Amino acid sequence: MVQVIMKPEIFKYATCKEFAEGFALGAEDLVLTNKFIFEPYFGPLGLKVHTIFQEEYGMGEPTDVMCESIMQDAAKTGCKRIIAIGGGTVIDIAKALAVATEDASMDSLYSVMPALTRKYELVIIPTTCGTGSEVTSFSVITDKKNGNIKYPLADYELTPDVAIIDPQFVSTMPKSITADTGMDADALSDGLRRGGVSAAVCVHRMPGLSQNCAGAAVLRDGAGGSGYPDGGSCGR
């Protein structure tokens, strides 16, 4: 019985241009993101990609209505790869999109879980840091049609093929969010350590996380700086 699956691959690029060139973005790619992210970073590159801007389908946390509308529009593009660039809402929608059924129905996905089938290759680029959603096999969607209740999708098929860390996106986060997501990372690492998961990794990371979170706590209370002892950002 398989106990650990090493997925996804993780890449780091210094700029969006490096990423676009490295992954040869083109006509078979669909970029799911927000307009305020795409236009300044990718607009000048003149990419021949398809785009879907999440905010045009609804605001706030991801819902079944948003997902189903995006699934329908994505199917029209003929794309083979999803590039999701954003925070939790974009990432959760992208995971559901990657396993979309022919009828573009969230109910259909829940009915076959945990035997979901991957439809698109999935690349995730987070624009916040801390929770690690870009490397997990879960997606939480609010069911607005049946009581406004949050339901999780959980299946290894939801795990992205590639996660990319690009400091350009996280370096401009508001200071309070930088601090909050740093706390998320510290809590996650501590939880893994207490649960006996990946002890070697946690022992290696905990000292650095604790040191940085001490700075984040000061930052969250209103002090200046990036929240890191060396003045760096959480995108390093």
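Residues numbered from 1 in each chain as written. Predicted model: local features only at pLDDT ≥ 70, side-chain atom pairs only at ≥ 80, totals over all residues. Heavy atoms only, no water.

Q: Explain helix α3 (residues 64–75) to me, please; I cannot follow it from the model alone.
A: Residue pairs spaced three or four apart in an α-helix point in one direction, given the helix's 3.6 residues per turn. For α3, built from 12 residues, the straight-helix expectation of 16 Å at 1.5 Å per residue is met to within 8% by its first-to-last C-alpha distance of 16 Å. Within α3, the full set of buried residues consists of Asp-64, Met-66, Cys-67, Glu-68, Ile-70, Met-71 and Ala-74. Next to the buried residues of α3 lie β2 (29–33), β3 (50–53), α4 (88–98), α5 (106–112) and β6 (138–143). (Helix = DSSP H or I, 4+ residues; strand = E, 2+ residues; numbered from the N terminus. Expected span 1.5 Å × (residues − 1). Buried < 20%, exposed > 50% of the residue type's maximum accessible area, 1.4 Å probe, protein only. Contact = heavy atoms within 4.5 Å.)

Q: Help me understand the nonpolar core in this model?
A: Nonpolar side chains tend to gather and get buried jointly when the protein is soluble and globular. Within the largest apolar cluster, 30 residues are counted, with the highest numbers of intra-cluster contacts made by Met-71, Ile-82, Leu-97, Met-106 and Leu-109. Elements that contribute at least two residues to this core include exactly β2, α3, β4 (81–86), α4, α5 and β5 (121–126). Ranked by the residues each element gives to this core, the list is headed by α4, at seven residues. Filtering out sequence-adjacent residues up to four positions away, Leu-97 remains in contact with Leu-30, Ile-70, Met-71, Ala-74, Ile-82 and Tyr-120. Among the nonpolar cores identified, the runner-up in size contains 19 residues, and Phe-19, Val-31, Ile-83 and Ile-85 belong to it. (Core = buried A, V, L, I, M, F, W, Y, C linked by side-chain atoms within 4.5 Å.)

Q: In this structure, what is going on with unusual backbone geometry? I would like to understand it.
A: In most cases, non-glycine residues show a negative phi, while peptide bonds are predominantly trans. Cis peptide bonds are those with omega within 30 degrees of zero, and the linkage from Met-113 to Pro-114 qualifies with 10°. Residue placement: Pro-114 occurs in the loop between α5 and β5. With a phi close to 50°, Ala-24 is a non-glycine residue in the positive phi region. With respect to the helices, strands and loops of the structure, Ala-24 is situated in the loop between α1 (16–22) and β2. Even without glycine at this site, Asn-148 takes up a positive phi of about 55°. The residue Asn-148 is located in the loop between β6 and β7 (149–154) in this model.

Q: For this particular structure, what's the right way to read the pattern of salt bridges?
A: Two side chains with opposite charge may pair up if their charged atoms get near one another. Using the criterion set out here, one finds seven salt bridges in the structure. When the shortest N-O distance is used, the salt bridge between Lys-145 and Glu-68 registers 3.0 Å. Taken together, the positions of Lys-145 in the loop between β6 and β7 and Glu-68 in helix α3 put the pair 77 residues apart, joining distant regions of the chain. Of the charged contacts in the structure, one is a salt bridge between Asp-161 and Arg-118, with a shortest N-O distance of 2.6 Å. Here the residue Asp-161 occupies a position in the loop between β7 and β8 (162–165), and Arg-118 occupies one in the loop between α5 and β5, the gap between them amounting to 43 residues. Accessibility expressed as a relative area gives 23% for Asp-161, which makes it partly exposed. (Salt bridge = Lys/Arg side-chain N within 4 Å of Asp/Glu carboxyl O.)

Q: Help me understand the sheet that holds β4 in this model?
A: To summarise the sheet geometry, strands pair through backbone hydrogen bonds and adopt either a parallel or an antiparallel arrangement. Spatially, the six strands line up as an open sheet ordered β1-β8-β5-β4-β2-β3, and their pairing is parallel. A strand with exactly one partner marks an edge of an open sheet, and here the two such strands are β1 (9–12) and β3. For this sheet the average axis-to-axis angle between neighbouring strands, irrespective of direction, equals 20°. Both β5 and β8 contribute to a ladder of two bridges, which runs parallel. Paired with Ile-124 across the strands is Ala-163, a residue of β8. Contacting β2, β4 and β5, α4 runs over the sheet at an angle of about 165° to β4. (Pairing = 2+ DSSP bridges. Axes fitted to C-alpha atoms, helices over the stretch in contact; angles between N-to-C directions.)

Q: How do you make sense of the side chain of Ser-133 when you look at a structure like this?
A: When you line up the elements, Ser-133 lands in the loop between β5 and β6. Those residues in contact with Ser-133, other than ones at most four positions away along the chain, are Ile-91, Asp-92 and Lys-95.

Q: Would you take a moment to explain the packing of α3 against α4 for this structure?
A: The relative placement of two packed helices comes down to the angle between their axes together with the axis-to-axis distance. For the pair α3 and α4, interaxial distance at closest approach is 10 Å and the crossing angle is 55°. Relative to α4, the element α3 lies oblique. The two elements α3 and α4 meet at a crossing, and its hand is right-handed. Between α3 and α4, the contacting residues are Met-66, Cys-67, Ile-70, Met-71 and Ala-74 on the first element and Thr-89, Ile-93, Ala-96 and Leu-97 on the second. Residue classes in the contact of α3 with α4 are distributed as eight nonpolar, one polar and no charged. (Parallel < 35°, antiparallel > 145°, perpendicular 65-115°, else oblique. Left-handed = near helix turned anticlockwise from the far one by under 90°. Nonpolar A, V, L, I, M, F, W, Y, C, P; charged D, E, K, R; others polar.)

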